[in-house]
Amino acid sequence: MISLNNNITFFNKRIIVNSLNNYKRSFGTKPQNEESTIVDSNHSFAHTLNLPKTTFSMKANAATREPTLLKDPYKLYKWQLENNKGDNWVFHDGPPYANGDLHMGHALNKILKDIVNRYKVLRGFKVNYIPGWDCHGLPIEQQAFKKLKKSSDMKPSDIRKIAGDFAKKEIEKQSKGFQELGILGDWENPYKTLDHGYEVEQIQTFYDMFNKGYIYRGVKPVHWSPSSRTALADAELEYNDNHTSKSIFVKFNVKSLSTHLAKQNLPTNQKISAIIWTTTPWTIPANQAICVNSEMDYVLVQPIESEQYKDEMFIISKERLESLTKSFNIGELKVILEFKGEQLKGTITKHPQYDRISPIITGEHVIEGSGTGLVHTAPGHGVEDFQICQQYPEIKVLSPVNDLGLFTDEVGEKFVGLEVLGDGNEAVINDLENIGSLIHKENYVHKYPYDWRTKKPIIIRTTLQWFVGLKNIQQTALKGIERVNMVPPSGTNRLSSMVGKRTDWCISRQRVWGCPIPVFYNVNTNEALINDETINHIKELFGKFGSDCWFEMTTQQLLPPSLKDQHENFVKGMDTMDVWFDSGTSWRGVLVERGIIDKDTGKADIYLEGSDQHRGWFQSSLLTSVCVRDIEPYRNVVTHGFLLDESGIKMSKSIGNTIVPSTVIKGGPNKVQNPPYGVDLLRTWVASSDYSKDISIGPNILIKILDGIKKIRNTLRFMLASNFDFDPTIHSIPYENLSSLDKYALHKVFKLQESVTRHYDQFQFQKVHSDIISFSIDISSFYFDVIKRHLYADSPNSHSRRSTQTVLFKMLDVMNVALAPITVHTSEDVFLHQYQFKNNGKGLDKDLIENSVFAQGWPLLPSEYENEKISNQFTNIIAIRDVVNKVLQSMRSQGIIGRSDETVLELKVTNEEYAPFYNDLFAINSQLDDIFCVSNVLLNKFNTFEKDEQQPQPPQQQQQIEPNSKGEFIYNTIISNNSKQLGRVEVLLKTSDKFKCPRCWRHSSIENDKVCKPCDSVLESLK
């Protein structure tokens, strides 16, 4: 950073005093308080000037023009596969659900993917991107329920037919929407999880995992959704942080004490009870034990102030004594005895509602901080409960709840048929109260799992299901995660944490619409039948008829020939696979099956999805691949956040704060309130956002994006208009013959491309967008401002003009290609305008795919463009120019001048070895008038540099520079780099005593109304 001791601070990417006006001047628009720098077209010399010309409009008219500019995403996709010579780039698409209209989350996801892919196309890669859809599952199945009025009409084949047809129609609709967003891909041959070939590979994956011992059938507690009537995986849950449960404290009377407690000579006339706490009262009928922590301290207390409990004693955790005293509200709980949890082990209590015992056992999952320290244990309805009770063969697993979430007859007549999450829960509480076992009840707000589809609470229920055992592959999976490049890096810990804690994956679902688990069961033993012969026969049937045949054919038809005569001994299973198993096998069902990657060692280059997929598709893909091949299926995993409105509130239909892509692109009914912005603005919003976090969108944000697009578009338009007569095959100037100013501009171009290339490679699109915006403002405020005079006023074929046009052409090439992955339509438009000189001035045929900007490749810049010496020279020059601009601004604000070229400049500078201001300026002495936008510059040198002893602090407000008695504006200052003083600059500005040239408007003519000497020379050359 370079600073002045007068109050102006300068950055390498310069912020000049009069940046707004200079920015406007660079495009020929009229800045505030200034005349336009473009000569009036009615001027008598207008025909002698090289006035900018282009049909590239200031306004995009995106909603109308974009569809005419977009190259067919499928044809362009096929073209690059056939013509690009680079390596393969395999972008594996995570399948969106084939249900519903496109929402902004779809747009965010697909645009991010497309930015990556289009960049890779430009870099010469053969991009492989096959769009996919997840077609199974409850939301689509529910569409069948809406059409079939009576449940008795719901034959599996009917449900599947309607569900399949619905999914296919949704895919067609979504596919059209994605292509309108400009998404490049194999739209003629997408993958669908209901495809016959895909299902064949899915059941082969199932069988491979079964053969390796990873898939097994067993009785375990699972997440069960009564509203969906199926088991759920972890990835199918969402959590309600404000769920309210009825929590209860219940007495379990002690039948016999442990050996240790029995020796304590406790009063025999006092009834002792173990007090448990639970937020799921409906599980009390399934209680089989009570758990304590062997290392925790417990107490036997007596409620000495309670008439109701005066003859009783309670066992609770010592740590919870104070809290429970307040909660129970029955007076003091006097401590009679203290002991460890291990000393409680062996105590036998009686279930309060049934004639059975409930022993006290130990478990490490019991912790302090809530409840009573004694955990109600129902192995049929709790994962930890089940695991602990597996150590005690004598403890029975009881799960008296059916698929609908209703109590079964195992609980007795008083509860049977009641809904456990409704009336059944209340009935259990009331029963405990009536029998005197309920000490206290209260509402308890806490985090609780819900079915992500139905948005209703779930339960834990022990059932017979199919599982993937993960313990034996956890370490392999974790090592695989370490090899993956995660963007953002926090994804590594997140995915590792989830995989490291997961021991089982329930993959069976009790639904009709899904890929069936290809297993038969013995009608007598319930033993599963699955082997090479059965799987190969089912694969053959699935390949011909799809998985529908499983539900339409008889068991005899589905069995292989050798077992058909035994069909009466078997029944086909009716479970379907978890949809995460469906999509989790896509690395095989798509990439391997289509020959894109090697079956045993192949990986996709990238997976990119929302951050919720760490527990979904990223994880299921990893686990199936590791189980089958011992390797991870991807090299890069990129995740994005979710959508918020402008207030930072999560978008929700119920709140009414959603915005759909079509409204942004085509506008809403009220075009003033919701104008049609087009696709490129939507893509720019995506690129300009930090997608690693949740992303906001709304009207004000879109307006800001539009402002940025206008700046970029104006920059592009200036370059196009300035090069209206430039043909690089004829007019280009070799690098060694370019001016220092033009070489400096090429250095900036080189640095731009270097930066955007790095950021594209790192998937940092926000930084790409920031690079381009900064470059646009930076190059416009200096380089464009300086080159206008010789672009417009020099002879058409002058060396100075063709030199600058050479640079502008290359600059436009680099900038437009850097933008192309983001602003697809705009960049195609710019490319057609840029190459209008082709075909004898007729331009390119825009209908040909090879005339797409994406067919041209990434511009290769010579290393000589990177010129740090010239960069350092112009860093100093720009710092000096900004000092001059400060004085010019004072002259304007006081009404002395309207335009800077009404002045002449005397400039005196130091020439230190580390900051050779004089040498830097003298080297471009012939261009100083243009550099400072004045009519004449006289350059002088300080003999010595006397540094200020103390760097003064800049004042709060900008100083106003006043003229001396001669009307001269003199300003002396020191330029510093951070704290180091580099050199002194003295500026003397005064109005020119020459006349205004009627052609170039510089005040350098000897006679009034006569052209200046340079313009006279140009006019002579034009004769």
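These remarks concern the structure in this document. (Residues numbered from 1 in each chain as written. Predicted model: local features only at pLDDT ≥ 70, side-chain atom pairs only at ≥ 80, totals over all residues. Heavy atoms only, no water.)

Points about the overall build of the chain
Piece 1. If you tally the helices and strands in the chain, you get 33 helices and 36 strands.
Piece 2. For 1023 residues, the compact-globule formula gives about 31 Å, and the C-alpha radius of gyration of the chain, at 39 Å, lies well above that figure.
Piece 3. In terms of overall dimensions, the chain has a C-alpha envelope of 125 × 75 × 50 Å along the principal axes.
Piece 4. Within the chain, contacts between residues separated by at least 24 positions form 76% of all contacts whose residues are at least 6 apart in sequence.
Piece 5. Counting every atom, the chain has about 43,600 Å² of accessible surface; 47% of that belongs to carbon and sulfur.
Piece 6. Seen as two clouds, the 118 positive and the 122 negative side-chain charges of the chain have centres 4 Å apart. (Helix = DSSP H or I, 4+ residues; strand = E, 2+ residues; numbered from the N terminus. Rg over C-alpha atoms; globule rule 2.2 N^0.38 Å. Contact = heavy atoms within 4.5 Å. Areas by Shrake-Rupley, 256 points an atom, 1.4 Å probe, with all protein chains shown as cover. Lys, Arg positive; Asp, Glu negative; His and termini not counted. Charge placed at Lys NZ, Arg CZ, Asp CG, Glu CD.)

So, the environment of Pro-379
Piece 1. Here Pro-379 is to be found in the loop between strand E17 (375-377) and helix H11 (383-389).
Piece 2. Its relative accessible area of 0% is what places Pro-379 among the buried residues.
Piece 3. Here the alpha-carbon distance between Pro-379 and Leu-861, two residues 482 residues apart in the chain, equals 69 Å.
Piece 4. Ignoring anything within four residues of it in the chain, the contact list for Pro-379 reads Ala-286, Gln-288, Asp-385, Phe-386, Cys-389, Ile-395, Lys-396, Val-397 and Thr-462. (Buried < 20%, exposed > 50% of the residue type's maximum accessible area, 1.4 Å probe, protein only.)

Points about the packing of helix H4 (residues 104-122) against helix H25 (residues 740-761)
Piece 1. Close contact between H4 and H25 brings their axes to 10 Å; oriented N to C, the two are set at 125°. It follows from the interaxial angle that H4 and H25 lie oblique. In this structure, H4 meets H25 at a crossing whose hand is left-handed. For the pair H4 and H25, contact is made by Ile-115, Tyr-119 and Lys-120 and by Thr-757, Tyr-760 and Asp-761, respectively. (Axes fitted to C-alpha atoms, helices over the stretch in contact; angles between N-to-C directions. Parallel < 35°, antiparallel > 145°, perpendicular 65-115°, else oblique. Left-handed = near helix turned anticlockwise from the far one by under 90°.)

Regarding empty space enclosed by the protein
Piece 1. Here the structure, examined in full by the defined rule, presents 5 cavities of 30 Å³ or more.
Piece 2. Taken as a whole, the second largest cavity spans an internal volume of roughly 110 Å³.
Piece 3. Counting only elements with at least two residues in the lining of the second largest cavity, the list comes to strand E8 (230-232) and strand E26 (576-577).
Piece 4. For the lining of the second largest cavity, the leading source of residues is E8, giving 3 residues. (1 Å grid on protein atoms, 1.4 Å probe; cavity = no way out; pocket = protein on both sides within 12 Å on 5 of 7 lines; lining within 4 Å. Points joined across faces, edges and corners; volume = space filled by probe spheres on them.)

Focus on the nonpolar core
Piece 1. Ranked by internal contacts, the top residues of the largest apolar core, which has 214 residues, are Phe-206, Tyr-783, Met-811, Leu-907, Phe-932 and Val-987.
Piece 2. For this core, the element with the highest residue contribution is helix H26 (residues 765-793), accounting for 13 residues.
Piece 3. Contact partners of Met-811, with chain neighbours within four places excluded, come to Met-719, Ala-745, Val-749, Phe-775, Ile-779, Tyr-783 and Phe-784. (Core = buried A, V, L, I, M, F, W, Y, C linked by side-chain atoms within 4.5 Å.)

Remarks on the sheet that holds strand E24 (residues 528-529)
Piece 1. Spatially, E24-E23-E25 is the arrangement adopted by the 3 strands of the open sheet, whose pairing is antiparallel. Edge positions in the open sheet fall to E24 and strand E25 (570-572), since each of these has one partner strand only.
Piece 2. Relative to E25, strand E23 (residues 520-522) is paired through 3 bridges, and the arrangement is antiparallel. Note that in E25 the partner of Tyr-521 across the bridge is Val-571. (Pairing = 2+ DSSP bridges.)

With respect to helix H15 (residues 532-545)
One turn of an α-helix holds 3.6 residues; hence residues three or four places apart share an orientation.
Piece 1. The terminal C-alpha atoms of H15 lie 20 Å apart, and with 14 residues this matches the ideal 20 Å at 1.5 Å per residue to within 8%.
Piece 2. Capping the start of H15, Asn-531 holds a side-chain oxygen 3.0 Å from the backbone nitrogen of Glu-533, two or three residues further along.
Piece 3. Positive phi appears at Gly-546, one or two residues downstream of H15, with a value of about 80°. (Expected span 1.5 Å × (residues − 1). Polar contact = N/O pair within 3.5 Å; in protein donor to acceptor, adjacent residues only side chain to side chain.)

Re unusual backbone geometry
Piece 1. Between Val-487 and the following residue, Pro-488, the backbone shows a cis peptide bond with an omega angle of 0°.
Piece 2. Here Pro-488 shows up in the loop between strand E20 (485-487) and helix H14 (490-501).
Piece 3. Even without being glycine, Phe-763 reaches a positive phi, approximately 60°.
Piece 4. Turning to its location among the elements, Phe-763 is positioned in the loop between H25 and H26.

A closer look at the environment of Lys-990
Piece 1. For Lys-990, the location among the structural elements is in strand E34 (residues 980-991).
Piece 2. Along the backbone, Lys-990 and Val-487 are 503 residues apart, and their C-alpha atoms lie at a distance of 57 Å.
Piece 3. Lys-990 has contacts with Met-891, Glu-902, Thr-903, Val-904, Glu-906, Gly-967 and Glu-968, leaving out every residue within four places of it along the chain.

Here's the deal with the pattern of salt bridges
Pairs may arise between side chains of opposite charge once their charged atoms sit close together.
Piece 1. For the structure shown, the criterion picks out 47 salt bridges.
Piece 2. Salt-bridge contacts for Lys-455 lead to Glu-238; the nearest nitrogen and oxygen are separated by 3.1 Å. Of this pair, Lys-455 sits in the loop between strand E18 (438-451) and strand E19 (459-469) while Glu-238 sits in strand E9 (residues 237-256), and the two are 217 residues apart along the sequence.
Piece 3. Residue classification places Lys-455 among the partly exposed residues on the basis of a relative accessible area of 47%.
Piece 4. Judged by its relative accessible area of 28%, Glu-238 is partly exposed.
Piece 5. A salt bridge links Arg-1002 to Asp-930, with the nearest nitrogen and oxygen atoms 3.0 Å apart. (Salt bridge = Lys/Arg side-chain N within 4 Å of Asp/Glu carboxyl O.)

A word on the sheet that holds strand E7 (residues 215-225)
Piece 1. Taken together, the 4 strands give an open sheet; going across it, the order is E8-E7-E19-E21, and neighbouring strands pair in antiparallel fashion. Two strands close off the open sheet at either side, each with one partner strand: E8 and strand E21 (504-506). Adjacent strand axes in the sheet meet at a mean angle of 65°, parallel and antiparallel pairs treated alike.
Piece 2. Note: E19 against E21, 3 bridges, orientation antiparallel. Residue pairing in the sheet places Val-468 in a bridge with Trp-505 of E21.

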